[in-house]
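The primary structure of each chain is shown beneath.
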Amino acid sequence: MTRYHACVWLDHREAKVFGITKVDSEEIDIHDHHSPKHIHRKADHVGLGKAGPPHQFFAEIADALEPYRAILITGPGTARSEFAGYLVEHNAKIRARIWGIEPMDHPTKPELIAAARKYFRAADPMHS
C-alpha cells in the first residue's frame, strides 16, 4: 500500500519515521551511533560544550522520508528544527514536502500516530 503521509519523531540520538494511512502504519527506527553520550562544559575551555548537527544521522532520516509526499516533523528540544535547517541546506526536495514542525515530548507509538493523523486531517482533508 502506498503511503502518502509520514511523521518523524526525533531527538539527538534516535529517530522514528512512521508511514501513515487511515488504517495502519509502518515504522523505521534510525539511531545516531556517533552521538556523544553527554557533553560537559568545562571552565576555561573554548566553545559551549555543544556538538554540531549530526549530518550523517540527518541524511539517513532524509533517505527514509524519500517516498513520502507530506511530512510532519516532531520531537523534543531543538533536534526537529536542526533537522529542518539541515534539509534547507542539503535536501530541498524533502524540505518542500514538510507540512509542519511540532513540539512533542516522548509520546507512545499510538499517541504519535493519532496526533499525526489528526494533524494531516486538519491540514488537508483531501488526502486523509
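Along each chain, numbering runs from 1 in the same order as the chain's sequence is written. The model is predicted, so local features are restricted to residues of pLDDT at least 70 and side-chain atom pairs to those at 80 or more, both for listing and for counting; the totals for chains, interfaces and linings are taken over all residues. By convention in this description, side-chain values take in all heavy atoms of the structure and omit both hydrogens and water.

Asks: Could you give an account of helix H2 (residues 79–90), naming the residues involved and the relevant values?
Replies: Numbering of helices and strands starts at the N terminus; helices are DSSP runs of H or I of at least 4 residues and strands are runs of E of at least 2. Residue count minus one, scaled by 1.5 Å, sets the expected span of a helix. End to end, H2 covers 16 Å across 12 residues, agreeing with the expected 16 Å (1.5 Å per residue, within 8%). Listed in full, the buried residues belonging to H2 are Ala79, Arg80, Phe83, Ala84, Tyr86 and Leu87. Buried positions in H2, seen along its axis, are confined to an arc of 155° and lie on one side of it. Exposed side chains of H2 directed beyond 90 degrees from the buried face belong to Val88 and Glu89. The criterion used for residue contact is that any of the two residues' heavy atoms lie within 4.5 Å. On its buried face, H2 sits against strand S1 (5–10), helix H1 (55–65), strand S4 (70–75), helix H3 (92–95) and strand S5 (98–103). Remark: exposure states derive from per-residue accessible area (1.4 Å probe, protein chains only) relative to the maximum for the residue type, with buried under 20%, exposed over 50%, and partly exposed in between. Throughout, the arc means the angular range of directions from the helix axis out to the C-beta atoms.

Asks: Describe H1, listing the residues and the values that go with them.
Replies: Residues Phe57, Phe58, Ile61, Ala62, Ala64 and Leu65 constitute the buried set of H1. Down the axis of H1, the smallest arc covering the buried residues is 160°, so these residues share one side. Contacts from the buried residues of H1 go to S1, strand S2 (14–20), strand S3 (25–31), S4, H2 and H3.

Asks: Explain the pairing of S1 to me, and be specific about the residues and the numbers.
Replies: Within S1, 6 of the 6 residues are buried, leaving the element largely enclosed by the surrounding structure. Burial of S1 is two-sided: the residues His5, Cys7 and Trp9 facing one way and the residues Ala6, Val8 and Leu10 facing the other way are all buried. Bridge count between S1 and S2: 6 bridges; the pairing is antiparallel. The partner of Trp9 across the bridge, within S2, is Lys16. For two strands to count as paired, DSSP must find a minimum of two bridges between them.

Asks: So what about the packing of aromatic side chains? Which residues, and what values?
Replies: Centres within 6.5 Å are what make two rings of Phe, Tyr or Trp a pair, Trp counting through its six-membered ring; a difference in plane orientation under 30 degrees is then read as stacked, over 60 as edge-to-face, and the rest as tilted. In this structure the tally under the stated criterion is 6 aromatic pairs. Put simply, the rings of Tyr4, Trp99, Tyr119 and Phe120 touch in pairs and so form one group of aromatic residues.

Asks: Now, about the pattern of salt bridges: what can you tell me, with residues and values included?
Replies: What makes a salt bridge here is a side-chain nitrogen of Lys or Arg within 4 Å of a carboxyl oxygen of Asp or Glu, nothing more. Scanning all chains against the criterion turns up 6 salt bridges. The partner of Asp29 in a salt bridge is Lys16, with the nearest N and O atoms 3.4 Å apart. Pair noted here: Asp29 is in strand S3 and Lys16 is in strand S2, with a separation of 13 residues, a long-range link. Take Lys16: its relative accessible area is 24%, and that puts it in the partly exposed class. Here Glu66 makes a salt bridge to Arg97, at a shortest N to O gap of 3.9 Å. Of this pair, Glu66 sits in the loop between H1 and S4 while Arg97 sits in the loop between H3 and S5, and the two are 31 residues apart along the sequence. One salt-bridge network, held together by shared partners, links Glu14, Lys16, Glu27, Asp29 and Lys109.

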